[in-house]
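Structural characterization, general
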There are 2 protein chains.
Amino acid sequence: MDDLTRRQYEARARILKALAHPSRLFIVDRLSAKPHCVQDLAGMIEADISTVSRHLSVLRNAGIVKDQKEGTKVFYRLSVPCVLNFFSCVESVMESNAKEQAGLLE
Amino acid sequence: MDDLTRRQYEARARILKALAHPSRLFIVDRLSAKPHCVQDLAGMIEADISTVSRHLSVLRNAGIVKDQKEGTKVFYRLSVPCVLNFFSCVESVMESNAKEQAGLLE
DNA sequence: TGTTTATTTGGCTATAATGCCAAATAGCAT
DNA sequence: ATGCTATTTGGCATTATAGCCAAATAAACA
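Heads up: these notes are all about the structure in this document.

Cut-offs applied
Residues numbered from 1 in each chain as written. Chains lettered and ligands numbered in written order. Predicted model: local features only at pLDDT ≥ 70, side-chain atom pairs only at ≥ 80, totals over all residues. Near = placed C-beta within 6 Å. Helix = DSSP H or I, 4+ residues; strand = E, 2+ residues; numbered from the N terminus. Nonpolar A, V, L, I, M, F, W, Y, C, P; charged D, E, K, R; others polar. Pairing = 2+ DSSP bridges.

1. Some words on the protein's contact with DNA strand D
In the vicinity of DNA strand D lie 25 residues, with A:D48, B:C37, B:Q39, B:S50 and B:S53 positioned nearest. Contributing elements (two or more residues each) for the surface near DNA strand D: helix 4 (49-61) of chain A together with helix 3 (38-45), helix 4 (49-61) and strand 3 (73-78) of chain B. At six residues, the largest contribution of residues to the surface near DNA strand D is made by helix 4 of chain B. Of the residues in the surface near DNA strand D, the class split is seven nonpolar, 11 polar and seven charged.

Here it is in C-alpha cells:
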C-alpha cells in the first residue's frame, strides 16, 4: 500500500472513529431533527456537560457537525445530512448478524 | 435516554468502531472485490500477519466478515455487501470538509 | 463592574485499542 | 510421528480514548 493510499484510508477512518461512540451517534440522530445546544443534549444523554462538549468537539473536528453561537448558547447542527445513511448501513449489518444468530439456533 | 435506547446506540457504535481503522477499511475494500486469505492481506498492508489476523477477528466479531477454512489457509469474505455504502458516505463528509476548507481560503 | 448562564479546556485517572514477538494451534504431506 | 505452512492467541509495552471535576472563558445583563 503506497503512502497516498494509506493516508486516504486514515482520513476515512478518522471520520468513522468520530462516529463510533454511542453518545455521538445519539447526538447525530438528535441533530438530524433539529439543531440543539450543549445543555439540551447533555440533558438527553444524562452525562456531564463537559463530556458532551468534548463529544461535540470530536464531531466538529471530523467535519460532521457545525457550531453557531447564539447569545451564551452554542447550537450544533449536522454539516453533512448524508451522515444519516450510516444508520441504515449499520442496521443492515445488525440484521444480518441477527439472522446469523437465528440460524445457529435452529 | 432509557436503557433500551442506550443499548441500541451501543450496538451501532460497536459496528462502526470495528470499521474505524485504516487497515480494516482497506481490508473491507479488498474483500469487496473477492475473498482473501490472511497472508495475502498482510502482504498488501505490510503489517505483521498476527496484526492482520487480529484486525480480521475484530471485523468477524462485528459480523462484517465471515471466515472459511480451505486447507491451511483461512479465507475471509464480506458478510454484508452493504458495508460498501459506508465508503460513499464517508467520501461525502470528506468532500464537504474539503469545500469548507476551500471556502475559508477565499 | 460584578453576576449569572453556557460552554470550553486543563488535569487527572481509568479503560481500551494497537502492534509486535513468541508460542500455540491446525491442517496437509512426507 | 515429523516437518511444513498458515493462522491464531498470550503477553507485553505504547498510545489513544473516555469521563469527571474544577478552573477558565465568553456573552448577556443588572
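Moving on, there is more to tell.
2. Quick look at the pairing of strand 3 (residues 73-78) of chain A
Residues and elements named next belong to chain A. Of the strand pairs in this sheet, strand 1 (residues 36-37) and strand 3 are connected by two bridges, and their pairing is antiparallel. Counted as the bridge partner of C37 is F75 from strand 3. Sheet topology places strand 2 (residues 65-70) next to strand 3; six bridges connect them, and they run antiparallel. Looking across to strand 3, one finds that K66 is bridged to R77. Counting the residues in the hairpin turn of strand 2 and strand 3 gives two residues, including G71, whose phi is positive at 70 degrees.

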